[in-house]
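Coordinate analysis (summary)
Next come the chains, spelled out residue by residue.
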Amino acid sequence: MAEEVTPDELDITDELIAERRTEQPGETPDDMTPWQRPITAAIDILNMWAGRLICLLMLPLILAIVFEVVSRNMFAILTQNGMHSVATAWGLGPTLWVYDISRMIGGVLFMAAAGYALLRGVHIRADFLYRTWSPKTQATVDATLYMAFYLPAMLFFTWVSTEYWLKAFLVNETAADSTWAPILWPARLAMPVGAALLFLQGFPELFRAFHQMGKERERIFLRILPFYAIVLTVVTVGVFFPDVLPLGDVWESIFGSGPGIDKPTIGLIMLAVMLFAIFVGFPISFTLIFLGFVFGTWGANFKLATFLMTLQTNSVMLSDQLVAVPLFIFMGIVMEQAGLMERLFQAVQMMMSRTRGALFIAVLFVSTIFAAATGIVGASVTILGIMAARTMNKSGYDVRLAAGTITAGGTLGILIPPSIMLIVMGPVLEVPVTDLFRAAIIPGIMLAGLYLLYSLGRCWLNPDLGPILPPEEQPETSPYYLLEVILVMASLVFLIWLITRGLVEGFGFPLGALVVPCAWIGVMFAVYGWLNKTRPGGFYFSELWYEFFMGLVPPTVLIAFALGSILAGWATPAEASACGAFGAIVLSVLYRKFTIPGLYEALLKSLEITVLIMFLVAASNFFGAVFSNLGTPKMLTELLLSLDMSPVLILMLIMALIFLLGWPLEWVPIVLIIVPILIPTVTSLDLGFENTNDLLVWFAILVAVNLQTAWLSPPVALSAYFLKGVVPEWDLRDIYFGMMQFMVIQLIGLTLIFLFPQIALWLPNFIYGQ
């Protein structure tokens, strides 16, 4: 058996990564075959520097979008106040270039750094079976699949993307969907360069597999390698130069025209092979690309397969919605580095110290706030475990309920906006991301409320599960503690109202939405200082309120303006994410947590997770395009609709399928591979919706809530490993039992949204004025 996953090796931002490579780029084992070591080191260092340089592009991406937002809004404010000439003189106003520059930089980020991501070992794989094998078996399977799937797929991808770029370069192609109409070939160059770096990185990965499998097995592969190179060369020449080497004619003369299988059946075979290859444990992106080429050629022709490959990759590279993915990830990592989460938790813990289950309240409150701020599940679970577990143990809290609360609270980041999953799901379903954000808010708050009710209900029935904190853990407060709570909460509610009013209606003067809330914050600080200095009648505010305020208000204001601008329709998700990322850097400076090495580390981590998600988006779009071209989704839809079942029952079966797939798979392959296959069936169901958009938004929220179970369902539940890594004294079995309790609550929440669609649809319709 393979060794168990070592929780300490999991990085807190790697919510989609099972295991990150630990050795430094260029390092090779001393006993690796001598001629392989310099090749491995050279290619590693090449991709290492590619990643280190490309991650810096995130900074001009942020600055360009922030410039667009400020310029456009200042122009509108000055124009409304009769200062149009001043705005024009200052060069303010909407720009033509930011839209195109930002999406091109976003495309270069994920495509050109794909080789770096493979070097770092961050491409996602469904390894719940893979990790049970011995290291030699893992290496043998890896080497076999690299030779069978990876190298041919990346070689073909490099070739066709080079042709695609060369055509754009020769005709000086410009963007047809943009007023600025920039030349495309400079950004499109990232496609063949990234593919070539991926192809090259395949050789170090192959050599590492050779080394791990042992010398005896390596000798067998090395004997095969020359013949493999010859066959791969012949196939490549036959595919791209059929006039020189007509392999197709030779194949048909020997084997005939084939078994005569129709296209939809070829699609079913393609789906079965895909599921088998994924469950074997090879990185999903490369499996999808290889299968897309093979089955696209079988079902249609190679020319169509290459066209779909380049078209889908280019589409993802130039997607203005997906630009938000790296920026929201970066925003979350920077805010996590600033330490705001720990500060808020300590304050809430002290504030509720005289209440049973106080630590459960603190965990769920903080996780809800930071789900909206970061959306990084691994970071939330890890930091909550570090902050809460020691105090929970000291206070005699039940381990299972404590573990369940921490892991369930951490998973809220996958649903509460700005959720990366919803940003990715929007283009898949062809619905606005803003609609998904609006629809997810109430379900997210509802789930947090259900978690809280369950935790406190258990403590009320059995006080030993969450006892009151020991006296030495309770803070010093004034004799009028209840009045303290009332005044602070009323002040914060009023602040939230001011922010909402400013975003929705304004205050009748320029920048009122920003000035008035900031002025109220100043009043709150002044009153706090005066009361603590004079203490009239013995009343004063405890020190914990300062910590509570400093931990809650800055991220809340940042979230309100970033997320509120999206919900109000004032900014696109990309614009809001750039402003949020910029605001997170400002907060880290104000909290004296900003360092250049810390910023660079955040850029690299953001790049790695971005490549992981975006490359899989491109690969799954290609796979999905081939699959749709074969007609299999239409056949499956007709088959399901022909069954003697009600539409509601069919949808329940679809939800059950997604729930079951959530156990072995993460959300990324389900959203990008399975959901597109199911969309034709869902849109064909008569479920009583007035328009397709409402149906798809509701379906998206059902899927999102359903997929939270991936984080709470063994054996792939990485939340358990993150928590175990920081609380080693907790038994993994207890953590699993705690997570399973909250998975049941998750299903109750899913059932409520299924039975009452307005839980998801009321807020979007209210904002639209319906």
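Residues numbered from 1 in each chain as written. Predicted model: local features only at pLDDT ≥ 70, side-chain atom pairs only at ≥ 80, totals over all residues. Heavy atoms only, no water.

1. Regarding the overall build of the chain
When you go through the chain residue by residue, the secondary structure sums to 33 helices and zero strands. Taking 2.2 N^0.38 as the reference for a compact globule, 770 residues should give roughly 27 Å; the C-alpha atoms of the chain span a radius of gyration of 27 Å, in line with that estimate. For the chain, the proportion of contacts with a sequence separation of at least 24, taken over those separated by at least 6, is 82%. Computed over 36 positive and 53 negative side-chain charges, the inter-centroid distance for the chain is 5 Å. (Helix = DSSP H or I, 4+ residues; strand = E, 2+ residues; numbered from the N terminus. Rg over C-alpha atoms; globule rule 2.2 N^0.38 Å. Contact = heavy atoms within 4.5 Å. Lys, Arg positive; Asp, Glu negative; His and termini not counted. Charge placed at Lys NZ, Arg CZ, Asp CG, Glu CD.)

2. A short note on unusual backbone geometry
Backbone geometry at Ala181 places phi at a positive 50°, although glycine is not the residue there. Position of Ala181 among the secondary structure elements: in the loop between helix H6 (135-171) and helix H7 (185-188). For Ala181, a relative accessible area of 29% translates into the label partly exposed. A positive phi is found at Glu430, a non-glycine position, where the angle reads about 60°. (Buried < 20%, exposed > 50% of the residue type's maximum accessible area, 1.4 Å probe, protein only.)

3. A short note on a nonpolar patch on the surface
Residues Tyr480, Leu482, Leu483, Ile486 and Leu487 make up a contiguous nonpolar surface patch of about 470 Å² in total accessible area. For Leu482, the position within the fold is in helix H21 (residues 481-504). For Leu482, a relative accessible area of 63% puts it in the exposed group. (Patch = residues over 30% accessible without salt bridge, like charges linked within 9 Å, V, L, I, M, F, W, Y side chains within 5 Å. Areas by Shrake-Rupley, 256 points an atom, 1.4 Å probe, with all protein chains shown as cover. Salt bridge = Lys/Arg side-chain N within 4 Å of Asp/Glu carboxyl O.)

4. Here's the deal with the side chain of Ser455
Relative to the assigned elements, Ser455 resides in helix H20 (residues 433-461). In this structure Ser455 touches Phe360, Leu364, Leu401, Thr405 and Phe742, once residues within four positions along its chain are discounted.

5. So, the packing of aromatic side chains
Under the criterion given, the structure shown has 32 aromatic pairs. Aromatic side chains Phe623 and Phe627 sit 6.3 Å apart centroid to centroid with 10° between the ring planes, which places their arrangement in the stacked category. Note that Phe623 and Phe627 are positioned in helix H25 (residues 596-629) at a spacing of four residues, about one turn of the helix. Each member of the pair, Phe623 together with Phe627, is buried. These aromatic residues form a ring-pair network of at least three members: Phe156, Trp159, Phe240, Phe241, Phe293, Phe302 and Phe622. Cation over ring: Arg52 sits above Trp49, and NZ or CZ is 5.2 Å from the ring centre. If you follow Arg535 out to its NZ or CZ, it ends over the ring of Tyr540, 3.7 Å from the centre. (Phe/Tyr/Trp six-rings, centres within 6.5 Å; stacked < 30°, edge-to-face > 60°. Lys NZ or Arg CZ within 6 Å of the ring centre and 35° of its normal.)

6. Structural notes on the environment of Pro60
Within the secondary structure layout, Pro60 lies in helix H2 (residues 58-80). Taking the C-alpha atoms as reference points, Pro60 and Ser102, separated by 42 residues in sequence, lie 8.7 Å from one another.

7. Description of helix H11 (residues 263-280)
Under the 1.5 Å per step criterion, the end-to-end length of H11 is 26 Å for 18 residues, consistent within 8% with the ideal 26 Å. Buried residues of H11: Pro264, Ile266, Gly267, Met270, Leu271, Met274, Ala277, Ile278 and Val280, and no others. Where H11 is buried, its residues contact H6, helix H12 (284-299), H25, helix H26 (632-642) and helix H28 (667-684). Gly281 sits one or two residues past H11 and shows a positive phi near 115°. (Expected span 1.5 Å × (residues − 1).)

8. Re helix H19 (residues 420-429)
Among the 10 residues in H19, nine count as buried, and that is most of the element. Taken together, the buried positions of H19 are occupied by Ile420, Met421, Leu422, Ile423, Val424, Met425, Gly426, Val428 and Leu429. A distance of 3.2 Å separates the backbone nitrogen of Met421 from a side-chain oxygen at the start of H19, and that oxygen is part of Ser419. Glu430 sits one or two positions beyond H19 and adopts a positive phi of about 60°. (Polar contact = N/O pair within 3.5 Å; in protein donor to acceptor, adjacent residues only side chain to side chain.)

9. Observations concerning the packing of H25 against H28
At a closest axis distance of 10 Å, the pairing of H25 and H28 adopts a crossing angle of 20°. Relative to H28, the element H25 is oriented roughly parallel. For the pair H25 and H28, the sense of crossing is right-handed. Across the interface between the two elements, Ile613, Leu616, Val617, Ser620, Phe623 and Phe627 from H25 touch Trp667, Val668, Pro669, Leu672, Ile673 and Ile677 from H28. In the contact of H25 with H28, the residues fall into 11 nonpolar, one polar and no charged. (Axes fitted to C-alpha atoms, helices over the stretch in contact; angles between N-to-C directions. Parallel < 35°, antiparallel > 145°, perpendicular 65-115°, else oblique. Left-handed = near helix turned anticlockwise from the far one by under 90°. Nonpolar A, V, L, I, M, F, W, Y, C, P; charged D, E, K, R; others polar.)

10. Points about the side chain of Thr407
By secondary structure assignment, the location of Thr407 is in helix H18 (residues 399-410). Only 3.2 Å separates the side chain of Thr407 from the backbone oxygen of Gly404, close enough to count as a polar contact. Each residue touching Thr407, except ones within four places of it in the same chain, is listed here: Val381, Leu712, Ser719, Leu723 and Met739.

11. What to know about the pattern of salt bridges
Where charged atoms from two side chains of opposite charge come close, those side chains can pair. Per the stated rule, a full pass over the model turns up 12 salt bridges. Measuring nitrogen to oxygen at the nearest pair gives 3.6 Å for the salt bridge that ties Arg37 to Asp30. The residue Arg72 makes a salt bridge to Glu68 at a minimum N-O spacing of 3.0 Å. With Arg72 and Glu68 both in helix H2 and four residues apart, this pair spans about one turn of that helix.

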